[in-house]
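Understanding the architecture of this molecule
Chain by chain, the residues run as shown.
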Amino acid sequence: MVKQPRGCFNYRSTIQELVLESLMNTSAPQQATMKSLEAMRKFSETYAKRTGTYFCVDPGVTAVVIEGLAKHKDDLGAPLCPCRHYEDKEAEAAAAYWNCPCVPMRERKECHCMLFLTEDNDFAGDKQVISIEDIRSTTDSVSA
Ligand code: SF4
């Protein structure tokens, strides 16, 4: 049966807004360095395969989350979850609870960013890979 991405595209906007809000708290560019982007892309692929989870049926969701993780890695030295609001990002990164993979993901496979989705999730696609080109084709347009 083909999975229906019910509401997925609305959710994509929500995720994008959350990630952008998180990244716009800085005067630095919103996109990550290629080094961090590639590191987080590889991490995401490897972690999805290891946990038996899948990327969202909408690759735009996956793209903005990976870009957000990579940007936090550049700015904070740790891939702090980009889908949350923080009063103090440095303190949160040091606390590590929301560094990806966060504790809810590690303990219960709960990823509220929709980066890692269990097979039974309505939004789960069938992919555990994404290219740099796919990521940047989304984040070039949302960060412009
Ligand atoms: S695993 Fe946790 S930290 Fe990583 S993207 Fe998902 S919710 Fe955010």
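It should be emphasised that the depicted structure is a prediction, and the values quoted were computed from it without experimental measurement. (Residues numbered from 1 in each chain as written. Predicted model: local features only at pLDDT ≥ 70, side-chain atom pairs only at ≥ 80, totals over all residues. Heavy atoms only, no water.)

**Brief notes about the overall build of the chain**
A tally of regular secondary structure across the chain gives 6 helices and 0 strands. Burial statistics for the chain: of 144 residues in total, 47% are counted as buried. In the chain, the share of contacts with a sequence separation of at least 24, taken over all contacts with a separation of at least 6, comes to 74%. Surface exposure of the chain reaches about 7,600 Å², of which carbon and sulfur atoms provide 52%. (Helix = DSSP H or I, 4+ residues; strand = E, 2+ residues; numbered from the N terminus. Buried < 20%, exposed > 50% of the residue type's maximum accessible area, 1.4 Å probe, protein only. Contact = heavy atoms within 4.5 Å. Areas by Shrake-Rupley, 256 points an atom, 1.4 Å probe, with all protein chains shown as cover.)

**Concerning unusual backbone geometry**
In this structure, Pro101 follows Cys100 across a cis peptide bond, with omega equal to 0°. Take Pro101: it is sitting in the loop between helix H4 (89-95) and helix H5 (103-108). The backbone of Ala96 sits at a positive phi, close to 75°, despite the residue not being glycine. The phi angle at Met114 is positive, at roughly 65°, despite the residue not being glycine. Considering the arrangement of structural elements, one finds Met114 in the loop between H5 and helix H6 (132-142). On the basis of relative accessibility, which here comes to 3%, the residue Met114 falls in the buried class.

**Remarks on the environment of Ala70**
Mapping Ala70 onto the fold places it in helix H3 (residues 59-76). Distance from Ala70 to Gln31, taken between C-alpha atoms, is 8.2 Å for residues 39 residues apart in sequence. Leave out the neighbours within four places in its chain, and Ala70 touches Ala32, Ser36, Leu37 and Met40.

**Concerning the site of the ligand**
Neighbouring residues of the ligand: Val65, Cys81, Trp98, Cys100, Cys102, Met105, Cys111, His112, Cys113 and Phe116. For the shell around the ligand, a count of residues per class yields 9 nonpolar, 1 polar and no charged. (Near = heavy atom within 4 Å. Nonpolar A, V, L, I, M, F, W, Y, C, P; charged D, E, K, R; others polar.)

**A short note on the state of the cysteines**
The full count for this structure, using the stated rule, is 1 disulfide. Shown here is the disulfide that connects Cys83 with Cys113, its sulfur atoms set 2.1 Å apart. Residues Cys83 and Cys113 are joined through a disulfide that is right-handed, its torsion about the S-S bond being 130°. Of this pair, Cys83 sits in the loop between H3 and H4 while Cys113 is found in the loop between H5 and H6, placing the two residues 30 residues apart along the sequence. There is no split in this pair, since Cys83 and Cys113 are both buried. (Disulfide = S-S within 2.5 Å.)

**Focus on the packing of aromatic side chains**
According to the stated counting rule, one finds 4 aromatic pairs in the structure shown. Seen from their ring centres, Phe43 and Tyr47 are 5.5 Å apart, and the 25° between their planes marks the pair as stacked. You can see Phe43 and its partner Tyr47 sitting in helix H2 (residues 34-51), 4 residues apart, about one turn around the helix. Look at Tyr47 and you get buried, because its relative accessible area is 6%. Between the aromatic rings of Tyr47 and Phe116, the centroid separation amounts to 5.0 Å while the plane-to-plane angle is 65°, which identifies the pairing as edge-to-face. Separated by 69 residues along the polypeptide, Tyr47 in helix H2 and Phe116 in the loop between H5 and H6 bring together distant segments of the chain. Ring pairing ties together the aromatic residues Phe43, Tyr47 and Phe116, which thus form one cluster. Here the guanidinium or amino end of Arg84 rests over the ring plane of Trp98, the centre of that ring lying 3.8 Å away. (Phe/Tyr/Trp six-rings, centres within 6.5 Å; stacked < 30°, edge-to-face > 60°. Lys NZ or Arg CZ within 6 Å of the ring centre and 35° of its normal.)

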